[in-house]
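# Chain and residue survey
Residue strings, one per chain:
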Amino acid sequence: MNAVDYADYDGIGIATLIRAGDVSREEVLDAARDAIAAVNPLINAVVETYDPTSLQARPTSGPFS
């Protein structure tokens, strides 16, 4: 998945792709970070991103797990 493909989906669409095995969580995360890097210098909307390995609480169920 690239940033252009990422922009074609909302959160539920991305969750469906992950659940179906069409993309991995890591691919989605990379695409999101690429989209931020491409657009944020122009709009200055994202203040901070976090390293996913540093996050302690991860969802274990639901559409975003």
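Quick look at the structure, then. (Residues numbered from 1 in each chain as written. Predicted model: local features only at pLDDT ≥ 70, side-chain atom pairs only at ≥ 80, totals over all residues. Heavy atoms only, no water.)

### Side note on a nonpolar patch on the surface
Which entries qualify depends on this criterion: In this scheme, patches are assembled from residues that exceed 30% relative accessible area and form no salt bridge. Like charges are connected within 9 Å, while nonpolar side chains (Val, Leu, Ile, Met, Phe, Trp, Tyr) are connected within 5 Å. The Shrake-Rupley method, run with a 1.4 Å probe sphere, supplies the accessible areas, and residue values consider only the shown protein chains as cover. Within this document, salt bridges are pairs made up of a side-chain nitrogen of Lys or Arg and a carboxyl oxygen of Asp or Glu, the two lying within 4 Å of each other. Residue burial is assigned from relative accessible area. The probe radius is 1.4 Å, only protein chains are included, and a residue is buried under 20% of its type maximum, exposed over 50%, and partly exposed in between.
A contiguous nonpolar surface patch, about 330 Å² in accessible area, is contributed by Val39, Leu42 and Ile43. Overall, Ile43 belongs to the exposed group, its relative accessible area being 54%.

### Notes on the side chain of Asn40
Going by this rule: Per the convention used, a helix needs a DSSP run of H or I reaching at least four residues, while a strand needs a run of E reaching at least two, with both numbered from the N terminus. Contact criterion: two residues are considered in contact whenever any of their non-hydrogen atoms come within 4.5 Å of each other.
Summarising the element assignment, Asn40 is placed in helix α3 (residues 25–43). Using a relative accessible area of 15% as the deciding quantity, one classes Asn40 as buried. For Asn40, the residues in contact, after removing those within four places along its chain, are Ala35, Ala45 and Val46.

### Some remarks on unusual backbone geometry
Not every positive phi belongs to a glycine, and Asn44 is a case in point at roughly 50°. Mapped onto the fold, Asn44 is located in the segment after α3.

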